[in-house]
Amino acid sequence: MSARKNSGARWARVLVVLQIACVALPLSIIAVWAFTDSWPWPNLLPESFSLRGMQTIVRGGDATGLGCLLLSVEISVVCAVLTTAVAILAARAICFHRWVGRTAFEYLTMLPFLIPTTVFAMGVQVAFIRLHLAYTAFGVVLAHAIVALPYAVAIMTETTCGAGQAREQAARTLGASGLRAFWHVSLPTITPGILSSLCMSFIISFSQYFLTLLIGGGKVRTFALILFPYLSGGDRTIAGAYALVFLATTLLVFVAFRVILRKTGGSTEETALYGEA
Amino acid sequence: MEISLRNINLTLRKNPILQDVSMCVPSGEFVSILGKSGAGKSTLLSVISGLLLQDSGEVYFDGECVDAVPTHKRDVSVVFQDARLFPNMNVLDNVAFPLKMRGVRTPERRERARAMLAEVQLQGLEQRRTHELSGGQRQRVALARALVCRPHAVLLDEPFSGLDEEVRDDMRDLVLKLHERHDTTIVMVTHDGFEALRMSDQIAYLSGGRIIQVGKPADLLIHPATPEVVASFGQTKAFEGVVCDGEFTYGKLRIAAPGVEGPAILVHTESGATEVLPLDGASAARATGGKSTQAAADNVAQANAKE
């Protein structure tokens with residue numbers, strides 16, 4: 001029995017290593033390209049290295065460099081927070097209340113899954129022009145939030161229904177108003193879901209290209225807008241540098257979300273939250 | 001605090017759950033609501049606590065109608081069957097939670113929480129996380145949390161279900177001790193007839209959303225209103241207690257026992273007959289044939305059946 005367990009554990013470790021390798025190896029190639037000056041085929045290793053790629057980003061200013069990165073992060077963080085907040089409310093309406101049209105509402109939140117982004121973008125562009133939201137950062141945030149909403153609602157609905165309302169009811173019988181019961185008891189319980197929703201919404205927004213191009217009209221220059229032409233163009237050094245910064249920024253934001261949630265009293269340890277009966 | 005329910009009616013998803021329920025829980029008393037699963041007992045507790053609003057009828061606390069008072073302002077704590085501790089807090093913070101909601105400062109609320117944990121015999125476990133506790137420990141924490149803010153009433157929703165028998169006995173003793181010490185009005189929901197007999201000043205039997213019988217434990221045991229009330233006390237059982245001044249005592253159960261004095265057993269048969277037998281040497285041996293209390297009960301049941 002012990003030999004079987006050890007064999008099982010060994011195969012599990014092999015699978016994990018393979019999975020990590022599938023992700024890490026391509027990323028490591030990008031990291032190498034970010035600092036490569038010349039790497040002609042069929043060389044296995046680069047011929048020379050340089051900081052040209054990183055310098056392009058640092059010296060690019062608002063248009064193509066760190067200013068552009070900051071704007072992207074701002075747009076995506078606002079999108080993530082907005083989408084998650086709406087998803088929490090939608091999830092509570094779906095999980096805890098019975099009302100006419102509840103099932104239809106639940107399906108409607110999934111509509112952006114069914115409609116291609118290009119079709120959605122062209123339709124919402126017309127509406128945003130009328131509402132004076134086109135070519136603005138806020139308009140881009142709203143458009144990204146609509147596309148990210150189904151993911152956030154799906155995550156928060158599962159989390160909220162799983163957590164249930166029982167503890168919130170107990171808190172109310174112990175003197176907590178509805179809002180305080182939610183803040184002190186329910187919100188910490190659904191923190192793992194909130195973290196997933198924030199990260200998913202962030203990455204969807206951060207990597208949007210066509211939607212940002214159409215709604216932003218070229219005036220709202222996000223990092224993805226700058227990165228994509230380099231990817232399809234010939235300069236792999238600059239493309240690699242942008243891709244590396246893209247990845248590093250995403251990871252940093254994920255860590256920041258986790259730290260903030262922990263500091264506000266939430267626990268991201270699911271066993272601690274769901275371990276008891 | 002006296003709790004009074006007048007003509008409470010509640011329908012959920014087109015099913016009548018509570019029908020014209022009226023009862024009074026005198027201040028400081030321990031009242032059990034007894035009945036089968038699905039009788040509406042937990043729903044009645046939810047109406048008292050304000051978690052559910054009744055369709056018609058009124059809930060009164062000390063003569064004042066509280067229908068418009070939200071749950072968190074009714075000052076009525078609830079201990080649920082599944083404890084419902086907060087996993088994001090340790091044991092001490094769980095117990096201190098009601099005090100925090102009432103604006104008590106941190107040092108004072110921690111001190112009061114510690115004192116309450118000592119009362120439920122859980123001192124030393126303040127820093128434990130809730131998932132590290134056993135079932136019995138979780139219910140003790142839930143009890144401490146419900147009592148720490150000295151509420152006007154405590155509602156217990158089958159608090160001992162899901163615990164094994166030995167832990168259940170300890171918990172019952174603890175609840176009775178806390179009731180005596182704090183003199184709080186307690187309403188307990190249970191489907192265990194003998195638990196209700198032992199712990200209650202009064203029992204209300206609920207069936208199909210209606211109150212069938214209300215009275216002292218002895219009344220329901222000796223003069224049950226319906227066969228369903230009889231059946232709630234289940235199979236033949238025997239309790240060891242004491243007869244003083246012609247009255248048999250077992251917890252809060254009091255039954256007249258003329259002609260018997262000192263240690264005794266009360267035998268209750270499935271058919272509803274009751275008999276108090278002395279537990280002194282010779283007569284105990286005659287009654288029990290030298291066997292255990294349960295065997296004595298079986299003897300009496302068989303004798304009654306033959307009669």
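Quick notes on the rules
Residues numbered from 1 in each chain as written. Chains lettered and ligands numbered in written order. Predicted model: local features only at pLDDT ≥ 70, side-chain atom pairs only at ≥ 80, totals over all residues. Heavy atoms only, no water. Helix = DSSP H or I, 4+ residues; strand = E, 2+ residues; numbered from the N terminus. Buried < 20%, exposed > 50% of the residue type's maximum accessible area, 1.4 Å probe, protein only. Contact = heavy atoms within 4.5 Å. Areas by Shrake-Rupley, 256 points an atom, 1.4 Å probe, with all protein chains shown as cover. Pairing = 2+ DSSP bridges. Axes fitted to C-alpha atoms, helices over the stretch in contact; angles between N-to-C directions. Buried area = accessible area lost by both parts, 1.4 Å probe. Salt bridge = Lys/Arg side-chain N within 4 Å of Asp/Glu carboxyl O. Polar contact = N/O pair within 3.5 Å; in protein donor to acceptor, adjacent residues only side chain to side chain. Nonpolar A, V, L, I, M, F, W, Y, C, P; charged D, E, K, R; others polar. Disulfide = S-S within 2.5 Å. pLDDT = per-residue confidence, 0-100. Phe/Tyr/Trp six-rings, centres within 6.5 Å; stacked < 30°, edge-to-face > 60°. Patch = residues over 30% accessible without salt bridge, like charges linked within 9 Å, V, L, I, M, F, W, Y side chains within 5 Å.

### Topic: the overall build of chain B
Then step 1. Secondary structure summary: chain B contains 10 helices and 15 strands in total.
Then step 2. Looking at chain B as a whole, 53% of its 307 residues qualify as buried.
Then step 3. Sequence-distant contacts, at least 24 apart, represent 64% of the contacts inside chain B between residues at least 6 apart.
Then step 4. Entry remark: accessible area of chain B is about 13400 Å², with carbon and sulfur atoms responsible for 46%.

### Examining the sheet that holds strand β15 (residues 274-278) of chain B
All names here are of chain B.
Then step 1. Taken together, the five strands give an open sheet; going across it, the order is β13-β12-β11-β14-β15, and neighbouring strands pair in antiparallel fashion. Because the sheet does not close on itself, it has two edges, and the strands there are β13 (253-256) and β15. Strand after strand, the sheet turns through a mean of 35° between neighbouring axes, direction not considered.
Then step 2. Alignment of strand β11 (residues 237-244) against strand β12 (residues 247-250), held across three bridges, turns out to be antiparallel. Each bridged residue has a counterpart across the sheet, and for Cys-244 the counterpart in β12 is Glu-247.

### Concerning the interface of chain A and chain B
Then step 1. With 23 residues of chain A at the interface, the matching set in chain B holds 26 residues.
Then step 2. Both sides together, the interface formed by chain A and chain B hides about 2300 Å², and carbon and sulfur atoms give 61% of it.
Then step 3. Counting every contact that joins chain A to chain B gives zero salt bridges.
Then step 4. Along the contact surface separating chain A from chain B lie six residue pairs in polar contact (both at pLDDT 80 or more).
Then step 5. Every element with two or more residues in the side of chain A that touches chain B is listed here: α9 (166-173), α10 (178-189) and α15 (270-274) of chain A.
Then step 6. Across the side of chain A that touches chain B, the residue classes break down as 10 nonpolar, eight polar and five charged.

### Details of the environment of B:Lys41
Residues and elements named next belong to chain B.
Then step 1. Residue placement: Lys-41 occurs in helix α1 (residues 41-49).
Then step 2. In this structure, the C-alpha to C-alpha distance between Lys-41 and Thr-190, residues 149 residues apart in sequence, is 8.0 Å.
Then step 3. Residue contacts for Lys-41: discarding those within four places in its chain leaves Ile-33, Leu-34, Gly-35, Lys-36, Glu-158, Val-189, Thr-190, His-191 and Leu-206.

### Points about the sheet that holds strand β2 (residues 15-25) of chain B
In a beta sheet, neighbouring strands are held together by backbone hydrogen bonds and run either parallel or antiparallel to one another.
All names here are of chain B.
Then step 1. The four strands are arranged β2-β1-β4-β5 in an open sheet whose pairing can be described as antiparallel. Single-partner strands in this sheet number two, and they are β2 and β5 (64-65).
Then step 2. Relative to strand β4 (residues 56-61), strand β1 (residues 3-12) runs antiparallel, the two sharing five bridges. What sits directly across from Ile-3, in β4, is Phe-61.

### Observations regarding the state of the cysteines
All names here are of chain A.
Then step 1. Using the criterion set out here, one finds one disulfide over all chains in the structure.
Then step 2. A disulfide bridge connects Cys-95 with Cys-161, and the sulfur atoms are separated by 2.0 Å. Where Cys-95 bonds to Cys-161 through sulfur, the torsion about that S-S bond is close to -95°, and the disulfide is left-handed. One end of the pair, Cys-95, is in helix α4 (residues 66-96); the other, Cys-161, is in helix α8 (residues 137-163), with 66 residues separating them in the sequence.
Then step 3. Exposure remark for Cys-95: the relative accessible area of 19% places this residue in the buried category.
Then step 4. Distance from the sulfur of Cys-79, which forms no disulfide, to the nearest cysteine sulfur (Cys-199) is 13 Å.
Then step 5. Given the relative accessible area of 0%, Cys-79 is considered buried.

### Notes on the pairing of strand β3 (residues 30-34) of chain B
Residues and elements named next belong to chain B.
Then step 1. In terms of residue burial, β3 counts as a mostly covered element, since five of its five residues are buried.
Then step 2. Side-chain alternation along β3 places Phe-30, Ser-32 and Leu-34 on one buried face and Val-31 and Ile-33 on a second face that is also buried.
Then step 3. Examined bridge by bridge, β3 and strand β8 (residues 185-190) share five bridges and lie parallel to one another. Bridge pairing links Ser-32 to Met-188 in β8.
Then step 4. Pairing of β3 with strand β9 (residues 202-207) involves four bridges; the strand directions are parallel. Bridged to Leu-34 within β9 is Tyr-205.

### Considering the confidence of the model for chain B
All names here are of chain B.
Then step 1. Summarising the model, chain B shows a mean pLDDT of 85, and 89% of its residues fall at 70 or more.
Then step 2. No element of chain B has a lower mean pLDDT than helix α9 (residues 281-288), which averages 43, and none a higher one than helix α2 (residues 91-101), which averages 95.
Then step 3. Among the scores for the predicted complex, ipTM is 0.79 and pTM is 0.78.

### A look at the confidence of the model for chain A
When pLDDT is low, close inspection of the predicted coordinates is not appropriate.
Then step 1. On average, chain A scores 86 in pLDDT, and the residues at 70 or more come to 92%.
Then step 2. Predicted confidence for residues 270-277 of chain A stays below pLDDT 50, and this span has 23 contacts to residues more than four positions away or in other chains.

### Thoughts on the packing of aromatic side chains
Residues and elements named next belong to chain A.
Then step 1. Taken as a whole, this structure holds 11 aromatic pairs over all chains when the rule is applied.
Then step 2. With a centroid separation of 6.3 Å and 75° between ring planes, the pair formed by Phe-202 and Phe-254 is classed as edge-to-face. With Phe-202 in helix α11 (residues 191-206) and Phe-254 in helix α14 (residues 236-263), this pair connects stretches of sequence that are 52 residues apart.
Then step 3. Consider the rings of Phe-223 and Tyr-242, whose centres lie 5.1 Å apart with planes at 45°: the pair is tilted.

### Description of a nonpolar patch on the surface
Residues and elements named next belong to chain A.
Then step 1. Together, Leu-108, Leu-111, Phe-113, Leu-114, Ile-115 and Val-119 give the surface a local cluster of nonpolar side chains, amounting to about 560 Å² of exposed area.
Then step 2. Ranked by residues supplied to the nonpolar patch, first place goes to helix α6 (residues 111-114) with three residues.
Then step 3. In this structure, Leu-114 sits in helix α6.

### As for unusual backbone geometry
Then step 1. Backbone torsion omega between A:Trp41 and A:Pro42 reads 10°, so that peptide bond is classified as cis.
Then step 2. Among the secondary structure elements, A:Pro42 is positioned in the loop between β1 (36-38) and β2 (48-49).
Then step 3. You will see that B:Asp20, though not glycine, has its phi angle at about 50°, which is positive.
Then step 4. The topology assignment puts B:Asp20 in strand β2.
Then step 5. Here B:Arg84, not a glycine, exhibits a phi torsion of approximately 55°, which is positive.

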